[in-house]
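# Structural characterization, general
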Amino acid sequence: MADSKETIKASFTAPTHKVVDGVQIDLTSEEADAILDEWTDNEHARQVDEDANGYKFKRAAEYPSIPDQLDDIYHNGIDAWKATIKVTKDKYPKP
Amino acid sequence: MSSEIKVDTISEKTSANGVVIDGVTVKDGAIASSFISGLSSAGLTKLADTDFSGASDVTFDSVFSSTYRNYRITIYTENANNNTEFNFRFRDGGGDISASNYNVAAMYGLSSSATPFANKVTYGQGVTAGAIASGMGQNTPYNFSVDVWDANIAHETSSFAIGSNANGHTFLASNSYNAATQLTGIKFFQSAGNITGSIQIYGYDT
């Protein structure tokens, strides 16, 4: 579940400077806080998306390759293939 | 009727003049560049080179111009936070361009996965920043090579990034900036956290 924005913001090391054309420029406190707020919004949105959709990417990365799945079906049948796929689906359940 | 001369060595008679063969000058082990079509505008010319440590963002102003049509950007970066994107925004005379004109399709391939390119992790049309990589690990070295085409020409600007990290994962990202803007600069930043590394920008023509 996504952390609160307060928790996320507190987790960052506050920015102190930026670099423009090779020159390091210190940030004002207002600039630093604006960047922290943007980082917080980005990370919160990522965590919300991860909660809703992360299982899709984790499943996709862990399923056997398509050739291996076809080979599994050919040699072992549909039920065996479904059992193999179910292991990953159960490992990363849909929320 | 054809004829042929076979010798072991042809050397210049007059020092510093080289040897001329049907109008092409060979001098000191090389062909004079003026005799190779397009060579004068070929190759990469370094325009900017910046190291940075713990920076919130890195900006290059006035790096895109009419001098070069296309640009190659090499990036080494490590980011302070986990699960982040490496983003960019183009710049013009008004500063960073954060209008909803970026179209992005970015994906990564995991060296540990049997289906390494199943992950299209960042994509969208009309978003407010370009993306070079996503799902990036904390304090992990990443290297990217980015080509930016037609940056300073008043029509759409497209780019393509390819990269790798310390774990052998692959990163691919296609971006377009979908507006007729003569871009002059670019800013790189992480979606969250400070960045450390170096960036070089080269100009080239095709």
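Note that the coordinates shown come from a computational prediction; the quantities given were computed from them, not determined experimentally. Counting restarts for each chain, with residues numbered from 1 along the sequence as it is written. Each chain is given a letter, starting from A, and each ligand a number, starting from 1, according to the order in which they appear as written. Totals for whole chains, interfaces and linings use all residues, but because this is a predicted model, local features are given only for residues with pLDDT of at least 70 and pairs of side-chain atoms are given and counted only at 80 or more. Derived side-chain values reflect all non-hydrogen atoms in the structure, with water molecules and hydrogen atoms excluded from consideration.

If charged atoms from side chains of opposite charge come close, those side chains can pair. Salt bridges are defined by distance alone: a side-chain nitrogen of Lys or Arg within 4 Å of a carboxyl oxygen of Asp or Glu. In this structure the tally under the stated criterion is 14 salt bridges over all chains. The shortest N-O distance in the salt bridge between Asp-41 of chain A and Lys-5 of chain A comes to 3.0 Å. Residue Asp-41 of chain A is located in helix 2 (residues 29–62), and its partner Lys-5 of chain A is located in helix 1 (residues 5–11); the two are separated by 36 residues in the primary sequence. Two residues, Arg-91 of chain B and Asp-61 of chain B, come together in a salt bridge whose shortest N-O distance is 2.7 Å. Helix numbers and strand numbers start at the N terminus; a helix is a DSSP run of H or I with at least 4 residues, a strand a run of E with at least 2.

As a further point, take the layout of surface pockets. Buriedness of a pocket was judged along seven lines, with at least five required to meet protein on both sides within 12 Å; pockets are open sets of points on a 1 Å grid over the protein atoms alone, cavities are sets where a 1.4 Å probe fits but cannot get out, and lining residues have an atom within 4 Å of a point. Grid points are joined across faces, edges and corners, and a volume is the space filled by probe spheres set on the points. Of the volumes computed, that of the second largest pocket is approximately 270 Å³. If you go around the second largest pocket, you meet 18 residues; those closest to its centre are Lys-18 and Ile-35 of chain A together with Asp-57, Asp-96 and Lys-187 of chain B. Broken down by secondary-structure element, the contributors of at least two residues to the lining of the second largest pocket are strand 1 (17–20) and helix 2 of chain A together with strand 5 (57–60), strand 7 (84–92) and strand 15 (185–190) of chain B. With five residues, helix 2 of chain A is the largest single contributor of residues to the lining of the second largest pocket. The nonpolar class holds Ala, Val, Leu, Ile, Met, Phe, Trp, Tyr, Cys and Pro. Asp, Glu, Lys and Arg form the charged class, and all remaining residues, Gly among them, are polar. Split by residue class, the lining of the second largest pocket holds six nonpolar, three polar and nine charged.

In this section: the confidence of the model for chain B. Residues and elements named next belong to chain B. Confidence scores per residue from the predictor, reported as pLDDT, run from 0 to 100. When pLDDT is averaged along chain B, the result is 88, and 89% of the positions lie at 70 or above. The lowest-confidence element of chain B is strand 3 (residues 30–31), averaging 66 in pLDDT; the highest-confidence one is strand 5, averaging 98. Quick note on the complex model: pTM equals 0.81, ipTM equals 0.81.

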